[in-house]
Amino acid sequence: MLTDLSKNQCSAENKALPLKINKQAQGTLDQQLQLLAGQNALPTAFVSANSPDLTQKLFTSGKVVDFGASGNSAVSDNLVPTAQDAVKALYDDKTIVLPTELNIEGIWYNKKLLSDNGISEAPTTWDDLTADMATLKAAGVQPVSDAGKAGDGWGITRWVGAYLYRTLGPDALADVQSGKAKLTDPKYVAAADEIAALGKKGYFGSSPNSVDYATALNTFLSGKAGFYYMGSWAVSAFNDPKQNKIGADNIGFVPFPTVDGGKGSADQTPTNVGTDIAVSASQYKNAKVKAWVDCIGKNYGTVALKNYGQITGIKADSSVKVPALTKLTQDQIDKTTSSVQWFEALFPAAATTASQNNGGLLGAGQVTGSQFMQTVSSSLSN
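Conventions we followed
- Residues numbered from 1 in each chain as written.
- Predicted model: local features only at pLDDT ≥ 70, side-chain atom pairs only at ≥ 80, totals over all residues.
- Heavy atoms only, no water.
- Helix = DSSP H or I, 4+ residues; strand = E, 2+ residues; numbered from the N terminus.
- Expected span 1.5 Å × (residues − 1).
- Buried < 20%, exposed > 50% of the residue type's maximum accessible area, 1.4 Å probe, protein only.
- Arc of directions from axis to C-beta.
- Contact = heavy atoms within 4.5 Å.
- Phe/Tyr/Trp six-rings, centres within 6.5 Å; stacked < 30°, edge-to-face > 60°.
- Salt bridge = Lys/Arg side-chain N within 4 Å of Asp/Glu carboxyl O.
- Axes fitted to C-alpha atoms, helices over the stretch in contact; angles between N-to-C directions.
- Parallel < 35°, antiparallel > 145°, perpendicular 65-115°, else oblique.
- Left-handed = near helix turned anticlockwise from the far one by under 90°.
- Nonpolar A, V, L, I, M, F, W, Y, C, P; charged D, E, K, R; others polar.

Engineer: Help me out: how do you make sense of helix 16 (residues 324-335) in this one?
Structural biologist: In an α-helix there are 3.6 residues to a turn, and that puts residues three or four apart on one side. Along its 12 residues, helix 16 runs 16 Å from first to last C-alpha, staying within 8% of the 16 Å computed at 1.5 Å per residue. Within helix 16, the full set of buried residues consists of L325, T326, T329, Q332 and I333. Each buried residue of helix 16 lies within a common arc of 120° when the element is viewed along its axis, so the set occupies one face. More than 90 degrees from the buried face of helix 16, the exposed residues found are A324, D334 and K335. On its buried face, helix 16 is in contact with helix 6 (81-90), strand 2 (103-110), helix 13 (235-238), strand 5 (251-254), strand 6 (268-272) and helix 15 (287-308).

Spelled out as structure tokens, the structure:
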């Protein structure tokens, strides 16, 4: 995307300060950022850390820019409000990353597969959803496809987080971060137990802890599972006929269902800004760097949507035509009244790893909710 901008909309900025891209493996990104920060050698702009906690620490130590601060309006004025809210929720009301993606999360479903098994409407309550899962399982159809392999276990832990938000409300995990609550408290364990119960019934398949992201995606797109909890970043695959064997018009979306008696609502949407970008505070003082960043703020969203069908947290020209599922995502973003986060969003790196390495065991019903929450909680500072 940045290469496209450097050749077109930001060619003047690129001439003054040529773009140079260095690649870094995602798995070693946090370690590399910590090393470079310690040497005062962070790149001018970089993909923010896997753990938002690390990016927050870089900001606290004066290493990265707050785009919401005075004088940075050329960027902040071009951000989608939902994206800016999501960023501020992660970073103590600061806009310290550029939301180069904007993803909502929820449950995608195979319309024909549900209809063929007597399910006429998408579920809107947890009881409806679990009843539909039971119907599919009884018919010999895998109810849910999601990854649970170590490292990819967020495919299962997303269910835990979403259930917590529906039962305890949008502050459920912020309360854990602040110390008001613990993951080992009964109401939090109950959420994990609900997901473990699905696993024991085989609703995530026979061995979800051996399934990686690509396999889970292919299982859904080849028509072998009824439901798929996933972020809207997967829409690019849904729109690709080479990957999608069930047809884009056969895919529906429903927000994570409400839970009877819960404090959360379906218009509180899990939202994230994907592989967002942070900018070095020291480098941003350079007028050429600031001009480049301003150009990104003015053009990135439109180029991403027009050329790649990618929804970002940077405003795009409303005249750009998009596929139906992309439009569905845009409409859902517009319906979102407040953004909530994913399960590990506020966790330090160690707890994120513990969660995502053990999520598959939960989805297989091989550990209880209490065991899972205790494992993750032991890696939290509180």
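Engineer: What is the right way to look at the packing of aromatic side chains in this model?
Structural biologist: Here the distance between the centres and the angle between the planes together describe a pair of aromatic rings. For the structure shown, the criterion picks out 16 aromatic pairs. Through a chain of ring-to-ring contacts, the aromatic side chains of W126, W159, Y163, F204, Y229 and F256 assemble into a single cluster.

Engineer: Is there a simple way to explain the environment of A287 in this structure?
Structural biologist: Structurally, A287 can be placed in helix 15. A287 gets classed as exposed once you look at its relative accessible area, which sits at 60%. Taking the C-alpha atoms as reference points, A287 and G252, separated by 35 residues in sequence, lie 46 Å from one another.

Engineer: Where do I start with the pattern of salt bridges in this structure?
Structural biologist: Here the structure, examined in full by the defined rule, presents five salt bridges. Where D53 meets K57, a salt bridge forms, and the shortest distance between an N and an O atom there is 3.3 Å. Of the two residues, D53 and K57 both sit in helix 4 (residues 52-60), four residues apart, roughly one turn of that helix. A relative accessible area of 26% means that D53 is categorised as partly exposed. With a relative accessible area of 53%, K57 lands in the exposed category. We note a salt bridge from D116 to K112, for which the minimum N-O separation is 2.7 Å. Residue D116 and its partner K112 are both found in helix 7 (residues 111-116); the two are separated by four residues, about one turn of the helix.

Engineer: It is not clear to me how the packing of helix 17 (residues 349-363) against helix 18 (residues 369-377) should be interpreted in this structure. Could you clarify?
Structural biologist: The relative placement of two packed helices comes down to the angle between their axes together with the axis-to-axis distance. Packing of helix 17 against helix 18 brings their axes to within 8 Å, and their N-to-C directions diverge by 160°. As far as their axial angle goes, helix 18 and helix 17 are roughly antiparallel. Both helix 17 and helix 18 take part in a crossing whose hand is right-handed. Contact residues: helix 17 offers A351, A354, S355, N358, G359 and L362, while helix 18 offers G369, F372, T375 and V376. Here the residues of the contact of helix 17 with helix 18 sort into five nonpolar, five polar and no charged.

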